[in-house]
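Next come the chains, spelled out residue by residue.
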Amino acid sequence: MPSFIDRIRNAAKGFAAGGQKLPPRPMPNFNKRGFDAASWDRLTLDWASPLTTGDAEMRTRMRTLRGRARELERNEPYINRYLESLVNNVFDHHGITLQSKAGDLMRDKSGKPVFKLDDAAVRIIESAWKEWCKNPCVTGDMSLNECGRLILRNTARDGDTLTKYIVDSSANDFGFAIQLFEGDIIDDYKNTMVAGNEGEPQSQIRMGVEVNYYQKAVGYWLLKEYPGDQMWWNSEGYYSERHSVENFIHLFKRKRITQIRDVSWLVPIMRDLKMLDGFDEAAIVAARTGAAKMGFFVQKASDGNPYDGSKDPQGNLITDAEPGAMEQLPYGMEFQPFDPKYPDAYYADFIKSRVRRIGAGVNMNYNTLANDLENVNYSSIRAGILDDREGYKAQQSWFIARWQQPVFAKWLEIALLNGSLKNPFSGAALPFSKLAKFKQAEFRPRRWPWVDPLKDVQADVLAINNRLTSRTKVISENTSDDYEDIIRETAQEDQFAEDNDVEMPAIQATPSEVKTGLDQSPDTPDTPPDKKAKPANAPKEG
């Protein structure tokens, strides 16, 4: 048998002598092992795939998107519904409540470290903060709850907002106030490089925000006036000046690492909403046209008598329709009705499918966005509500960390420096040297009532009794109150009842002891003895 080398040599001689050549080996089709989403064919030629940064994508489109979002807010009910639901679920009528945690780490008698609240400082800080929250804005016409709701709404609609710290003794009793700005006060046309000091890297100005080498904001270039509010007598024109970041809160939600600002949260649904609005307008016009039952006069016979009825200024034949009226047309004339047959039977289903898509774009379930509770059951509405609430909790955490907490920290700093936080009994002011201690605080945003109060409360009680959770967690998850406050208020209630000789009902500690109206006996003290309900298997009397 020839060796492997001999076979190769013989094959080479055959090719040299013009023998039959082997067919070329086909090249492997690497596309079959790739990603379908990266394929280029006639169905994906219009699928753009630019590798641009977040700033580059929004730089030339920010103003257009902001203006269109504001137009939708003014005229589109679904947008107004979304913004109102967002604000009303992040805040409640009380706003976001402050729970001061000012205290010290001590050791108990056994030497174990324990944290003990400074009750006097807690009361002073919380009462002063509540007083300042009544009028914190330089305009003097909004509470902090109203300011927060306005900032959140504007941020969702425009993409970003600014809040400026105002330190002025004439602002209020605490010498500190805030001023709110819409995002277009930032000069988004300002894009350039800023030379650094010797040996330092250059800074960049991106859409009015000056950032350092690490892309951290170090300054804002603000216009003297809003771009849409420049009147003819304004002599300064389009001019901006630099402001330090220490005096501002630039609120926006970062969705990409390479972004310094943000666009409207409504961007994913704006085009769909505009198209849906146009469809809805056309459907309403078609429905009005169909309800009018219009038609045309058509002359069928050439020898018919000329029509001598009413005509419009252009000479077209017209007639008025009256209830129960019947008219005879001249010979040779025929009435041809025009009926667009609208609204169509599928109109509602089409609208619903589009609103569901819009709800997905803003992370809100259809029933909430459309205010439609038709054909929902307990399980479906519970699932939708709980999912929405988790989204609102995330919004609350973001807003507290990015806006509420910084405002409180700055207020506390200025109030301590001014000596505004005083003990009402001794008159002594809280010392600024303990700023870190007094900064310890938690914020309690809105919480919602249980979807099914009886079952949810029973589940919580069962979990507490089996050490699967704590009272503190249950209270914080379901209310905006604090465990310590509830204990304190309960003790006050019990003491007040005891002072007034009122016996309080016993605590029902287990879920089995919790009764509902359906579980209780139909008997009442007013029921006569001979009329009381009896078991179904009880023997008959007589």
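Whatever comes next refers back to the structure up there.
The written sequence of each chain sets the order in which its residues are numbered from 1. Totals for whole chains, interfaces and linings use every residue, but because this is a predicted model, local features are given only for residues with pLDDT of at least 70 and side-chain atom pairs only at 80 or more, for both listing and counting. Only hydrogens and water are removed before side-chain values are computed, so all heavy atoms of the structure are retained for them.

(A) The arrangement of the nonpolar core in detail. We call a set of buried residues a nonpolar core when its members are Ala, Val, Leu, Ile, Met, Phe, Trp, Tyr or Cys and they connect through side-chain atoms within 4.5 Å of each other. Under the scheme applied here, a residue whose accessible area is under 20% of the maximum for its type counts as buried, over 50% as exposed, and between as partly exposed, the area being computed with a 1.4 Å probe on protein chains only. Counting 65 residues, the largest nonpolar core has Trp-129, Trp-403, Trp-411 and Leu-421 as its most contacted members. Each helix is a run of H or I in the DSSP string that is no shorter than four residues. Each strand is a run of E no shorter than two, and both are numbered from the N terminus. Looking at this core element by element, the count peaks at 12 residues for helix H10 (residues 378-418). Counting 11 residues, the second largest nonpolar core, distinct from the first, contains Ile-185, Ile-186, Val-209 and Ile-260.

(B) Structural context of unusual backbone geometry. Positive phi, normally seen in glycine, also occurs at Asn-371, with a value near 55 degrees. By the element assignment, Asn-371 lies in the loop between helix H9 (366-370) and H10. By relative accessible area, which is 57% here, Asn-371 ends up exposed. Within the chain, Arg-467 stands out as a residue other than glycine whose phi angle is a positive 60 degrees. Taking relative accessible area as the criterion, Arg-467 reaches 70% and is therefore assigned exposed.

(C) Here's a closer look at the sheet that holds strand E8 (residues 209-211). Read from one edge of the open sheet, 5 strands run E6-E7-E8-E9-E10, paired in antiparallel fashion. In this open sheet, the two edge strands, each paired with only one partner strand, are strand E6 (192-194) and strand E10 (240-244). Averaged over all pairs of adjacent strands, the angle between their axes in this sheet comes to 25 degrees, without regard to strand direction. Pairs of strands are assigned from DSSP output, requiring at least two bridges between the strands. Sheet topology note: the strand E7 (residues 203-206)/E8 ladder contains 3 bridges and is antiparallel. Residue pairing in the sheet places Ile-205 in a bridge with Glu-210 of E8. Note on geometry: axes are lines fitted to C-alpha atoms, helical ones only across the stretch in contact, with angles between N-to-C directions running from 0 to 180 degrees.

(D) Summary view of the pattern of salt bridges. Put simply, a salt bridge is a Lys or Arg side-chain nitrogen that is within 4 Å of an Asp or Glu carboxyl oxygen. Within this structure, the stated rule accounts for 22 salt bridges. The salt bridge partner of Asp-188 is Arg-63, with a shortest N-O separation of 3.1 Å. Residue Asp-188 is found in the loop between strand E5 (176-182) and E6, and its partner Arg-63 is found in helix H3 (residues 62-75); the two are separated by 125 residues along the sequence. Judged by relative accessible area, which is 28%, Arg-63 ranks as partly exposed. Linking Arg-70 and Glu-182 is a salt bridge whose minimum nitrogen-to-oxygen distance equals 3.3 Å. Taken together, the residues span a long stretch of sequence, with Arg-70 in helix H3 and Glu-182 in strand E5 at a distance of 112 residues. Owing to a relative accessible area of 18%, Arg-70 belongs among the buried residues under this scheme. For Glu-182, a relative accessible area of 27% puts it in the partly exposed group. Connected via shared salt-bridge partners are Arg-70, Glu-73, Glu-84, Arg-153, Arg-157, Asp-158, Glu-182 and Asp-184.

(E) Just the packing of aromatic side chains, in detail. Here a Phe, Tyr or Trp ring, Trp counted by its six-membered ring, pairs with any other such ring whose centre lies within 6.5 Å, and the pair is stacked when the planes are under 30 degrees apart, edge-to-face when over 60, and tilted otherwise. Under the defined criterion, the tally for this structure stands at 18 aromatic pairs. Considering the side-chain rings of Tyr-220 and Phe-248, the 5.9 Å spacing of their centres and the 75 degrees angle between planes classify their relative orientation as edge-to-face. With Tyr-220 in strand E9 (residues 217-223) and Phe-248 in strand E11 (residues 248-252), this residue pair connects regions lying 28 residues apart in the sequence. Per residue, the accessibility class of Tyr-220 equals that of Phe-248, and both read buried. Looking at Arg-63, its charged tip hangs above the ring of Tyr-189, at a distance of 4.2 Å from the centre. Residue placement shows Lys-253 over the ring face of Trp-398; its charged tip is 4.7 Å from the ring centre. Look at NZ for Lys and CZ for Arg. If either is within 6 Å of the ring centre and within 35 degrees of the ring normal, a charge sits over the ring.

In short, shape yes, function no, at least from these values alone.
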